[in-house]
Each structure stands twice: as structure tokens, then as C-alpha cells.
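Below, each chain spelled out in residue letters.
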Amino acid sequence: MGWDEAGSQHLGLWVVLGVLLPEVCQAHPIPDSSPLLQFGGQVRQRFLYTDDAQETEVHLEIKADGTVVGTARRSPESLLELKALKPGVIQILGVKTSRFLCQGPDGTLYGSLRFDPAACSFRELLLEDGYNIYHSETLGLPLRLPPHNSPYRDSAPRAPARFLPLPGLLPAPPEPPGIPAPEPPDVGSSDPLSMVGPSQGRSPSYAS
């Protein structure tokens, strides 16, 4: 093989590599899955707890009839699904009732079976202490529970309520009553280990 032929083959190899390498080594972006960022489609199950200006500590609850109240204890109706629509904006869905949390022009909260972006989209602001503040994205009204568990909003202007999103785990049901501990053997019985059957009474040998 002459030098001219070998040089031609090497040149051809470099041409092929020059075409293929950019395609093979092309960098593809890796999606950022950081849980600290809110991307569209992110879903969380939470209880929204608040103690702002309330007589008792309560959790936001969406009832089957669409009313929104505060409940002292976590319940299936107060388990909510928070889904990111876009960065900083979420929808809130009652897991059990399948109703979206919505807000009317007067600030009244209600649960709707149909999602209305104008009424049911809330802007979520994360505070340094772990609490969150929510505003209607369209109306700009703060999300507050009605006073005294009334379905109607307090007409007096007030600051936004702070809500603490708690992990969506219902309280564990009470454990079923355990099997009672066996009674100690009756040494005065003719069958102290109950191997024969029901107690046959005390042995006459041990009768007083």
C-alpha cells in the first residue's frame, strides 16, 4: 500500500468522524426535578392548617355541598390536593369531595365541581417560617377562612391568613382491642392448663 493510498484512507476516516462526533456528543438538557421549585403538574397532598384570628386551631375543609369551613381535626374532607398550574400558581382540590377551592368576587370561598381558572387559581407565597399565604390570582383577594365556621366571609378588610401545609397523612385509626392476656393457671383446678375443656371446678383436694 503506497503512502498516497494510506493517506487517502486516513483522510476519509477523519471526515466520517467529523460528521458523526457532533451528533453523538450533542448535549441534551436534563430536566430539573428539584422539589424546591414549582413546576406545572407538581402535585402535593396537604392539610392547610391556620391559627390566624381563629378561636381554635383549624384546617381548611371543603364539604360535599360546596361550603368551606374550618375543622379542628384533620379529616378526609380536609385533605387537599395542591397542583401547580405554573410557577407560583396552584389549584386546590378536595380529595374526597372532588371539589375545587374557588373564591367569589366578594371573597367568599366555595367548592366547585368544575375548575374555573379565574375563580379557582391561587398564587402561593412561601414565607420564611414555613407558612404560606394564598391570593386569588385573578381577584388579588387573600384566602381566609370565614369566621366562626360561617360559610360567609367577614366583610371587614383583614390581612391574609397564614396557612401551614401539613403532610397529607390522616391520623392513624385506633388500634383494635388486643387479645386479652391469658389468665394464670388455676392450680386448684383438676385441669390447670385448660387442656381438657371448660373449667371443671376446683379439685376437692384443694378445697378448704
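Computed from a prediction, not measured in an experiment: that's the story for all the values here. (Residues numbered from 1 in each chain as written. Predicted model: local features only at pLDDT ≥ 70, side-chain atom pairs only at ≥ 80, totals over all residues. Heavy atoms only, no water.)

Visitor: Sorry if this is basic, but what is going on with the nonpolar core here?
Guide: Looking at soluble globular proteins, one finds that nonpolar side chains tend to be buried together. Counting residues in each nonpolar core, the largest one holds 17 residues, and the members touching the most others are Leu48, Leu60, Ile92, Leu101 and Phe163. For this core, the secondary-structure elements that each account for two or more residues are β2 (58-62), β4 (80-86) and β5 (89-94). Examining the composition of this core, we find that three residues originate from one element, β2, more than from any other. Ignoring anything within four residues of it in the chain, the contact list for Leu60 reads Leu48, Val68, Val69, Ser78, Leu80, Leu101, Leu145 and Phe163. (Core = buried A, V, L, I, M, F, W, Y, C linked by side-chain atoms within 4.5 Å. Buried < 20%, exposed > 50% of the residue type's maximum accessible area, 1.4 Å probe, protein only. Helix = DSSP H or I, 4+ residues; strand = E, 2+ residues; numbered from the N terminus. Contact = heavy atoms within 4.5 Å.)

Visitor: Which parts of the structure should I look at to understand the packing of aromatic side chains?
Guide: Two aromatic rings, taken as a pair, are described by how far apart their centres are and by the angle between their planes. Tallying each qualifying case throughout the model produces two aromatic pairs. The aromatic ring of Phe47 is capped on one face by Arg74, whose charged end is 5.5 Å from the ring centroid. Between the NZ or CZ atom of Arg162 and the centre of the ring of Tyr131, over which it lies, the distance is 4.1 Å. (Phe/Tyr/Trp six-rings, centres within 6.5 Å; stacked < 30°, edge-to-face > 60°. Lys NZ or Arg CZ within 6 Å of the ring centre and 35° of its normal.)

Visitor: How should the side chain of Ser78 be read in this particular structure?
Guide: As for its placement among the helices and strands, Ser78 is situated in the loop between β3 (68-71) and β4. Within the local environment of Ser78, its side chain forms a polar contact with the backbone nitrogen of Ser75, the two atoms lying 2.8 Å apart. When neighbours within four sequence positions are excluded, Ser78 is seen to be in contact with Arg46, Phe47, His59, Leu60, Glu61, Thr71 and Arg73. (Polar contact = N/O pair within 3.5 Å; in protein donor to acceptor, adjacent residues only side chain to side chain.)

Visitor: Quick question: what am I supposed to make of the environment of His135 here?
Guide: Within the secondary structure layout, His135 lies in strand β9 (residues 132-136). Judged by its relative accessible area of 24%, His135 is partly exposed. Along the chain, His135 and Pro160 lie 25 residues apart, while their C-alpha atoms are 7.9 Å from each other. Contact partners of His135, with chain neighbours within four places excluded, come to Ser121, Phe122, Arg123, Gly140, Leu141, Pro142 and Pro160.

Visitor: Sorry, what's going on with the pattern of salt bridges here?
Guide: Once the charged atoms of two side chains with opposite charge are near each other, the side chains can pair. Following the criterion strictly, the structure yields six salt bridges and no others. Of the charged contacts, one joins Lys86 and Glu137 as a salt bridge, the two residues approaching to 3.0 Å between their closest N and O atoms. Taken as a pair, Lys86 in strand β4 and Glu137 in the loop between β9 and β10 (164-167) lie far apart in primary sequence, 51 residues in all. Judged by its relative accessible area of 41%, Lys86 falls in the partly exposed class. With relative accessibility at 30%, the residue Glu137 sits in the partly exposed group. We note a salt bridge from Glu137 to Arg123, for which the minimum N-O separation is 3.6 Å. On the criterion of sequence distance, the pair formed by Glu137 in the loop between β9 and β10 and Arg123 in strand β8 (residues 122-126) is long-range, its members being 14 residues apart. A single network of salt bridges, built from pairs that share partners, joins Lys86, Arg123 and Glu137. (Salt bridge = Lys/Arg side-chain N within 4 Å of Asp/Glu carboxyl O.)

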